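# What the coordinates show
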Amino acid sequence: MRSWPTKTLALGGDYNPEQWPRPVWDEDIELMRRANVSFVSLGIFSWSWLEPAKGEYEFEWLDTILDKLHAGGIAVDLATATATPPPWLSAAHPEILPVDVDGHTLWPGSRQTWCPTSPVFREYAVALTRQLATRYHEHPAVAMWHVSNEYACHNLPCYCDECARHFRTWLQRRYPGLEALNDAWGTAFWSQRYTDWGQILPPRRSTTFNNPTHVLDYKRFSSDALLDHMRAERAVLDELSPGVPVTTNFMTLDHFRHLDYSQWTPTVDVVSTDHYLVDTLEHPRAELAYSGDLTRGLAGGAPWMLMEHSTSAVNWQPTNHAKDFGQTIRDALAHVARGADTIGWFQWRQSRAGSEKFHSALVPHAGADSARFREVEELGRIAGRLGELVGSRVESRVAILHDYQAIWAAEGPCMPSSELDALTAAQAIHRALHDRGVTADVVHPSADLTAYALVVVPQLYLVTDEHAAAVAAAAEAGAEVLVTYFSGISDENDHVRLGGYPGAFRDLLGVRVEEFFPLGPDETVALADGTGTWWSEDVTALPGTDVLTTYAAGPLTGRPAVTRRAGTDGAGSAWYVSTLPDDTALGALLDDVLSAAGVEPTVAGLPRGVETTRRRSDEGSWLFLLNHTDAEHTVAATGYDLVADAPVDGSVRLAPGGVAVLRED
Amino acid sequence: MRSWPTKTLALGGDYNPEQWPRPVWDEDIELMRRANVSFVSLGIFSWSWLEPAKGEYEFEWLDTILDKLHAGGIAVDLATATATPPPWLSAAHPEILPVDVDGHTLWPGSRQTWCPTSPVFREYAVALTRQLATRYHEHPAVAMWHVSNEYACHNLPCYCDECARHFRTWLQRRYPGLEALNDAWGTAFWSQRYTDWGQILPPRRSTTFNNPTHVLDYKRFSSDALLDHMRAERAVLDELSPGVPVTTNFMTLDHFRHLDYSQWTPTVDVVSTDHYLVDTLEHPRAELAYSGDLTRGLAGGAPWMLMEHSTSAVNWQPTNHAKDFGQTIRDALAHVARGADTIGWFQWRQSRAGSEKFHSALVPHAGADSARFREVEELGRIAGRLGELVGSRVESRVAILHDYQAIWAAEGPCMPSSELDALTAAQAIHRALHDRGVTADVVHPSADLTAYALVVVPQLYLVTDEHAAAVAAAAEAGAEVLVTYFSGISDENDHVRLGGYPGAFRDLLGVRVEEFFPLGPDETVALADGTGTWWSEDVTALPGTDVLTTYAAGPLTGRPAVTRRAGTDGAGSAWYVSTLPDDTALGALLDDVLSAAGVEPTVAGLPRGVETTRRRSDEGSWLFLLNHTDAEHTVAATGYDLVADAPVDGSVRLAPGGVAVLRED
Amino acid sequence: MRSWPTKTLALGGDYNPEQWPRPVWDEDIELMRRANVSFVSLGIFSWSWLEPAKGEYEFEWLDTILDKLHAGGIAVDLATATATPPPWLSAAHPEILPVDVDGHTLWPGSRQTWCPTSPVFREYAVALTRQLATRYHEHPAVAMWHVSNEYACHNLPCYCDECARHFRTWLQRRYPGLEALNDAWGTAFWSQRYTDWGQILPPRRSTTFNNPTHVLDYKRFSSDALLDHMRAERAVLDELSPGVPVTTNFMTLDHFRHLDYSQWTPTVDVVSTDHYLVDTLEHPRAELAYSGDLTRGLAGGAPWMLMEHSTSAVNWQPTNHAKDFGQTIRDALAHVARGADTIGWFQWRQSRAGSEKFHSALVPHAGADSARFREVEELGRIAGRLGELVGSRVESRVAILHDYQAIWAAEGPCMPSSELDALTAAQAIHRALHDRGVTADVVHPSADLTAYALVVVPQLYLVTDEHAAAVAAAAEAGAEVLVTYFSGISDENDHVRLGGYPGAFRDLLGVRVEEFFPLGPDETVALADGTGTWWSEDVTALPGTDVLTTYAAGPLTGRPAVTRRAGTDGAGSAWYVSTLPDDTALGALLDDVLSAAGVEPTVAGLPRGVETTRRRSDEGSWLFLLNHTDAEHTVAATGYDLVADAPVDGSVRLAPGGVAVLRED
């Protein structure tokens, strides 16, 4: 049986041979070999092709292509093929269709049009999984199972009556009784007290804001409902195909926040994710880096798989920009720099019809005789040389806390600001660290924080007592702790911690906040040394806490903006920043914090726009340098550049858009 | 039995003790006394706490808190508690849920999710009212009944089948027969002729614009349907609790225009309203003043109650800004300056859970040890001193006409401009008067206009013959009359008055308009002495009418923009302004009009940004001065400043954001 | 029997006498005669007035007004009156109501609230048509039948179950079997394979993009469904009223693209359209000209009817601007310049009630004593003099291809850019030609292209093999061919033509494109001689193709932007422009192309903003000159100006906004 490629960086992607006549299949495999493609994901959207009618299966085509791929030396990540039900299923059972918050049924015709709690859908999906696992668990090409697809992408929360029933069951597991639920949700207000479980509904469209804890629990339930579906498919694989690793591709992108992946990682054998650059973001490459660091955090620091990204343009943005020439290679290696050992794309061959026909692919419409495919071939050669670093881990001494449930709570409804994105602070600090050559792990508050020199707590609005204690314990153990505005405000039921903000961190930080003064997107507030954005607070520094910066305008003039409470007995100090400083002021603050933490950059004095990380294993270390600028840069370094396939002695020249990966001596 | 507080300005607010454990209740009453809180509104959203299952009542908690409040000397405005049905009721009777214009059911989970015509909802609401009135009509703490809550806020027009039936009945009362309805609605167009009452539906989502008179009548019906609900609850109170005054809190804010409050005032014993500053408005404080003058107009000039406002931030704006320090006092007194004798807030103690947990309160999350609560205590002391002006009335010699039905008609559909807000002219003129120290009453056209020196008719698009005659009669009686563009265009069925605009006022004004030339938000038109905005018209001045200003650019160049027809035999003159002049030109025009009317400012030569009004009673007069600027200002005045608790001899210094209320000698 | 007016330009419009008392009717006819109104459209929205209950008819009023009109010498375009069902019909049969893509029923109350495939609606509509045809086919006033009204305007695609059934039938006619449909739609992707016709649904709201060929076929079906309805009504007229010409008013405006009128023209005896200027467009007058040239293209170059436009403001734009004085005449003649022989308005007399009461009319609210009506009277006199050109045709040697189905495909979903409007290139080139005094026909690719000196192929994204061959044949026959970016990409099933873009035109143009580089609305790309907007491509010029311009910045620097492949053996050359050049660069390119094609302007050296065309018949030629500027211009010309009713000898002076129509010597 084939194991996952490890002697090379594994390159590959989604492969949809059912879109093409068979002669193309042979050309595909020949071209895959030319491009050093060593795996494909197969069958993701093939349900209607595998089971064209209830219980009638057509496996011949899949048998054939699996054999061909195996003969070509290509490993297969085989899908359970359940991502989208076939038309016959939704025609026979329209009750499987999801319903949106307004009560609109979402009809078939695109993809993933199924309700996560539908017992009918689950029965059919599990049956197909059973067929595939039975037939292919010993096929030598099959190196991994791929359950469903991108659960967070189009499977949004469903508000149907079936989900209402499952939600009640979920609540009955969460709460010891209705009184506990009424207390947790704060139903004393707006006449929402429940006196029977059957009264509870999903938070459907109402006249105004739904109860926020109700909404939060529905987000938790909706994430769990999809996870439950994955577990049902996985149970079949565990039974019938033991030993073959199982994954599903996460969506750790900025704009997919529906699933709490920290709950999902125990259910996958290897963490994989998809990533697509979003041009309309202000900092698309910083988002890529954040996503990589978050994915690595979910993987517990281990290497992970990039299951999908794009060679060039996608097809769902307002204007879908092509990538620059060379960027296909650079983007792939940017993920490797964050810990990916597998690099996949959607998709192998660009479709000529259907919804994704203008999504770029490894083989474009123009064919293999194209600049883009030649770039892929070049990357294939580089991937071979990078085989030596497979299994290594990214170095980091900084943790940035990330908790999807805290994000959900902060996203409202009815918060102090609906214009402030919950990840603004996290991303700004991550980006500022990155600009200083410092790599951070983006981790869940339940991760082991004790090994970090610096723990950043960026707008952790909702925090459990346990997680708050873990942050304090990290400080106690010697880590510097940097907490930003609007953190530690509420508990796991989204009840505000009383007596002054930030309740969960008040003692640690030595501050007390009486009131928030949020700022709109076009507002700023002067600081004694800089400018605050997005937020400000009426802060009092308690005795023993130093005021580092004050507000210099508006109603808060003269009051603390940034504070530091020094640790005693070897404990790290606790820094509080009650606004988001401008880039310069934030950078200066981070310089002080990093200095206190004793954290050095991966490479000192990096030019702006050059990204760096280091991967290390027992066999050595590898330095990544990615030039995202239009200018040439020279960086002091020594080793062997696996991209250029040439030694580097003292300094490496990075062409505009160029990349070097140095095996360090 | 307790009467409403009159020896002090009554301070208080919504009190939701069911959100808190009982030990907090005792602290609440102690803090209320510290802050001179003399009333609370109780039980507004308590239905599910009072009647947790059909016909099962839990009154013990309400008994207890009423007794405690009474012992604390605090009057209670007791709610009928029917604002939001409990979950058990909507679970048992989903037919009570409202349906929006698109056909979406609005589900429970927030508040006020009930259809105004539902007989089921009404039966249950009336039954609860009956229980409360029976149990508490003799409780000594109960000084007032508070029916439902903020009817206009989330009870929007409902489009369900039950409403369709009630609409037909309403129409049968309005029109003598279907022929009259067909004529009124103009169903000769677009094949809309009704031949059976049962064919009539609410103006639900259609392919394009619904018939405008149909839409107008549905707005009238929807306002009446809620009023009918209020009357049903009030009837129970009249029966079981005679002598206790009854109110419901209106929403006289700019963005709540769904109810025609001029129809509601006979149903309340005292006019009360809520008001929240809206940061996103261009002139939020002018909106507050307009709202106060409108509320006073609804109260017939008598003092009124501010039932709710906020100490600081709300939680439903895009960014919810905190108020400046000191602004809590200033905002409260701004309402008193417009005639309020009661000042309430939502809410007493800031919630720790639920949809309004980030709405500010008298006792914030930080507790009583906070700058905001100390400010409330200071206001409590001021309120005590202001007790002497309770019952006095605001002086004004200017009326600005305001008719919700004219606004509804002007809001379309399918008007000359959908970008021109129907209140633009009213608010611009109100603000310009205010800037000149002139206080205006905002009154319904049916009010007695004969006592005013100046009557302003701002974009009164729809006007009945009777109201048009009343304006003419005011001029005849000596008042100056100022009419703006797009007034007097249609009759009560929204039929255009033919033969040249503005049909209803053509003779009074001595002008004839052939065509409208509306301007977009980014357009202006030059005038001979200024700039016109939003609108222009092809005006002909009839013989005897003076042209004061002409258009100076575009197709209307040289034609009249502003005219005046002098009155004879002691009649006032009639001014017509066919565009909205810029602030300077409008100010100059108003100076001329005020001069002709003999109206003097309350205080001459006021600095820009200092607001003033005068209240007067048989016992004396009180001058209000509110400094809304960041600079100190000095104003010539003499008397005793009840805010500073100090005499004023010749001039009063107003700190930035400061307020003075002078008992005049 | 009355024939259509031909001795004068026919002026007229929609006439809705049922809105007015009978004495007004007599005044109407007198005023029509004063204004030289020679036709009216009658009964368009009269169903509920003609058939107030099922099978009960009230024809007396229509008899009366038809007699009066006939006596007044006015021809009648009599409607089948089926545009909007009466309330009794939708009350009895709510299943006739349309359903939108989200599943919302669209309710009665506005207009055209009927599903195009409803057999019930059709039965009633045909029955009414039969009544009218029987009663009036011999009435001497009736000169034309007007079927329904503005089919594209509010009859949008319906997604109800009845439409689903008809869609399946339509598909069964289009495809030989389900396998062919699966192949055409590319259902191999996203698990969309259909195994039974009954599984197919309209492309209703789904979780994300619906299959694009599914969507495209639904647009085709929806256009055909309305056409089928028209045919059903027409069949009755053919049976009962043979010899009377039949029309329906198209909507050839930029923002109405739902119907493929190239399929409709065989079903009308004369092409008629409506046109309304849209102020919010960047180039409203260019849109008018484009619409006229498109309508003429649909009419095969023959004269056509402008069934509706407006004398002044409409009532459905954000701000509805009045027209300048004089513009009523100029706008009417602008349509005549493009080939209209009939000029109609909506409507004769401005309504006093209902949805269109603020839509301007020939007789305004102010009455006939108004500048606007006097302008109409003046136009009446001009129309009489223009009778001599009735029947003449507009000269043009340039064709611009326009295919609604290509537009539908390009409008997505999921295209390289959703921000690029599909008509951007067509309109930019049309406007640039117009600015150079060159008139173009806007024609369907199936038109006879061989007679043109220049054929422009503007973003013809989808093109059939036959249409691509027709373009190549035109070049072969000697025409210059100018193709823009993103043309020839897909076939009739919207399958991408592989091997390099632009597949259908690659050989003709001698280029090969590997990848698109679309630009957003705020992006540009430098060219060697100008600036590119909206789009760019990675172009390779094949041997024998000349590079005229290159990209000068960004990833495409140095690569071809504009190319020309010279024709051999008398063939025209093939020009490719892979971006949309700025106005100057596009103009320079067109100058070269026109020069190569030997196309001269109608009038050389025209001032910017002066529009010109020439109409010609066997009796002579007429030169149109329309001054759209605020300045006076002089143009060299000789003849007799039918507008000024004066001879022109050598030069004609055009006042600001003025028009001349010269009979040339």
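Residues numbered from 1 in each chain as written. Chains lettered and ligands numbered in written order. Predicted model: local features only at pLDDT ≥ 70, side-chain atom pairs only at ≥ 80, totals over all residues. Heavy atoms only, no water.

Glycine aside, residues mostly have negative phi, and peptide bonds are mostly found in the trans state. The omega angle of the peptide bond from Phe 346 of chain A to Gln 347 of chain A is -5°, so this bond is cis rather than trans. Note on placement: Gln 347 of chain A falls in the loop between β9 (340-345) and α13 (371-385). In this structure, Asn 36 of chain B is a non-glycine residue whose phi angle is positive, near 60°. Tracing the chain through its elements places Asn 36 of chain B in the loop between α1 (22-34) and β2 (37-42). (Helix = DSSP H or I, 4+ residues; strand = E, 2+ residues; numbered from the N terminus.)

This brings us to the relation of the copies chain A and chain B. Once chain A has been moved 0.0 Å along the axis and rotated by 120°, it coincides with chain B to within an RMSD of 0.0 Å. In short, the pair behaves as if placed about a three-fold rotation axis. Considering only C-alpha atoms, the residue of chain A closest to the rotation axis is His 104 of chain A, which sits at 5.0 Å. Of the interface residues in chain A, just 2% have counterparts in chain B that sit at the interface too, so the contact is made through distinct surfaces. (Least-squares fit on C-alpha atoms with pLDDT ≥ 70 in both. Contact = heavy atoms within 4.5 Å.)

Let us now look at the pattern of salt bridges. Under the criterion given, the structure shown has 135 salt bridges over all chains. The residue Asp 238 of chain B makes a salt bridge to Arg 234 of chain B at a minimum N-O spacing of 3.2 Å. Of the two residues, Asp 238 of chain B and Arg 234 of chain B are both situated in helix α9 (residues 212-240); the distance of four residues between them amounts to about one turn of the helix. Accessibility expressed as a relative area gives 12% for Arg 234 of chain B, which makes it buried. A salt bridge links Asp 228 of chain C to Arg 122 of chain C; the nearest nitrogen and oxygen atoms lie 2.9 Å apart. (Salt bridge = Lys/Arg side-chain N within 4 Å of Asp/Glu carboxyl O. Buried < 20%, exposed > 50% of the residue type's maximum accessible area, 1.4 Å probe, protein only.)

Attention shifts here to the relation of the copies chain A and chain C. In screw terms, the move from chain A to chain C is a rotation of 120° and a rise of 0.0 Å along the axis, fitting with an RMSD of 0.0 Å. When you check the interface residues of chain A against chain C, a mere 2% turn up at the interface there too, and the two sides of the contact use different surfaces.

What follows is about the interface of chain A and chain C. With 57 residues of chain A in contact, the opposing surface of chain C contributes 55 residues. Carbon and sulfur atoms supply 56% of the area buried between chain A and chain C, which totals about 4700 Å² over both sides. Across the chain A-chain C interface, the total number found is three salt bridges. A salt bridge links Glu 58 of chain A to Arg 193 of chain C, with the nearest nitrogen and oxygen atoms 3.3 Å apart. Counting only elements with at least two residues in the side of chain A that touches chain C, the list comes to α2 (47-50), α4 (87-92) and α13 of chain A. (Buried area = accessible area lost by both parts, 1.4 Å probe.)

Residue and element names in this part refer to chain A. At a closest axis distance of 10 Å, the pairing of helix α1 (residues 22-34) and helix α3 (residues 60-71) adopts a crossing angle of 25°. By the angle class used here, α1 and α3 are roughly parallel. For the pair α1 and α3, the crossing hand works out as right-handed. Every residue of α3 that contacts α1 at Arg 22, Trp 25, Asp 26, Ile 29, Met 32 and Arg 33 is listed here: Glu 60, Trp 61, Thr 64, Ile 65, Lys 68, Leu 69 and Ala 71. (Axes fitted to C-alpha atoms, helices over the stretch in contact; angles between N-to-C directions. Parallel < 35°, antiparallel > 145°, perpendicular 65-115°, else oblique. Left-handed = near helix turned anticlockwise from the far one by under 90°.)

Let's shift gears to helix α9 (residues 212-240) of chain C. Three or four residues apart is the spacing at which side chains of an α-helix point the same way, because the helix has 3.6 residues per turn. The end-to-end C-alpha distance of α9 of chain C is 42 Å, a good match for the 42 Å that 29 residues give at a rise of 1.5 Å each. If you check the start of α9 of chain C, you find a side-chain oxygen 2.9 Å away from the backbone N of Thr 213 of chain C, and it comes from Asn 211 of chain C. (Expected span 1.5 Å × (residues − 1). Polar contact = N/O pair within 3.5 Å; in protein donor to acceptor, adjacent residues only side chain to side chain.)

In this section: the packing of aromatic side chains. Each aromatic ring pair is characterised by the separation of its centres together with the angle its planes make. Within this structure, the stated rule accounts for 108 aromatic pairs over all chains. Here the aromatic rings of Trp 190 of chain A and Phe 45 of chain B are separated by 6.3 Å at their centres, their planes lie at 55°, and the arrangement is tilted. With Trp 190 of chain A in the loop between α8 (178-185) and α9 (212-240) and Phe 45 of chain B in the loop between β2 and α2 (47-50), the pair connects residues from two separate chains. The same class applies to Trp 190 of chain A and to Phe 45 of chain B, which are both buried. A ring pair is formed by Phe 486 of chain A and Trp 535 of chain A, whose centres lie 4.5 Å apart and whose planes are at 35°; its orientation type is tilted. Of this pair, Phe 486 of chain A sits in the loop between β14 (480-484) and α17 (506-509) while Trp 535 of chain A sits in the loop between β17 (530-533) and β18 (537-541), and the two are 49 residues apart along the sequence. (Phe/Tyr/Trp six-rings, centres within 6.5 Å; stacked < 30°, edge-to-face > 60°.)

Residues and elements named next belong to chain B. The sheet built from three strands is open, its strands ordered β16-β17-β22 with antiparallel pairing. Strand pairing shows two members of the sheet lacking a second neighbour, β16 (524-527) and β22 (580-581), which therefore form its edges. In this structure, strand β17 (residues 530-533) lies alongside β22, joined through two bridges in antiparallel fashion. Following the sheet pairing, Gly 532 is matched in β22 by Pro 581. (Pairing = 2+ DSSP bridges.)

What follows deals with the domain arrangement of chain A. Residues and elements named next belong to chain A. Per the domain assignment, the segments of chain A are domain 1 (10-93 + 112-156 + 226-390), domain 2 (398-597) and domain 3 (610-664). Distance from the C-alpha centre of domain 1 to the C-alpha centre of domain 3: 29 Å. Taken together, the contact between domain 1 and domain 3 spans 17 residues of the former and 16 residues of the latter. Taken together, both faces of the contact between domain 1 and domain 3 bury some 1500 Å²; the carbon and sulfur share is 58%. On the domain 1 side of the interface with domain 3, the three residues burying the most area are Arg 330, Arg 385 and Glu 388, jointly 38% of the side's total. Counting across the domain 1 and domain 3 interface gives four salt bridges. Ionic pairing is found between Glu 388 and Arg 663, a salt bridge with its closest N-O pair at 2.7 Å. At the boundary of domain 1 and domain 3, one finds 12 residue pairs in polar contact (both at pLDDT 80 or more). (Domains from an automatic or database assignment.)

A separate point is a negative patch on the surface. A surface patch of negative charge is lined by Glu 419, Asp 522 and Glu 523 of chain A together with Asp 279 of chain B. As for its placement among the helices and strands, Glu 523 of chain A is situated in the loop between β15 (511-516) and β16 (524-527). On the accessibility criterion, Glu 523 of chain A (30% relative accessible area) is partly exposed. (Patch = residues over 30% accessible without salt bridge, like charges linked within 9 Å, V, L, I, M, F, W, Y side chains within 5 Å. Areas by Shrake-Rupley, 256 points an atom, 1.4 Å probe, with all protein chains shown as cover. Lys, Arg positive; Asp, Glu negative; His and termini not counted. Charge placed at Lys NZ, Arg CZ, Asp CG, Glu CD.)

Once that is clear, we can look at the packing of helix α15 (residues 424-435) of chain A against helix α18 (residues 583-597) of chain A. Residues and elements named next belong to chain A. Orientation of α15 relative to α18, taken along the N-to-C sense of each, is 70°, at an axis distance of 10 Å. As the angle between them shows, α15 and α18 are arranged roughly perpendicular. Relative to α18, the crossing made by α15 is right-handed. Touching Ala 428, Ile 429, Arg 431, Ala 432 and Leu 433 of α15 are Asp 583, Leu 586, Leu 590 and Leu 594, all from α18. A class-by-class count of the residues in the contact of α15 with α18 yields seven nonpolar, no polar and two charged. (Nonpolar A, V, L, I, M, F, W, Y, C, P; charged D, E, K, R; others polar.)

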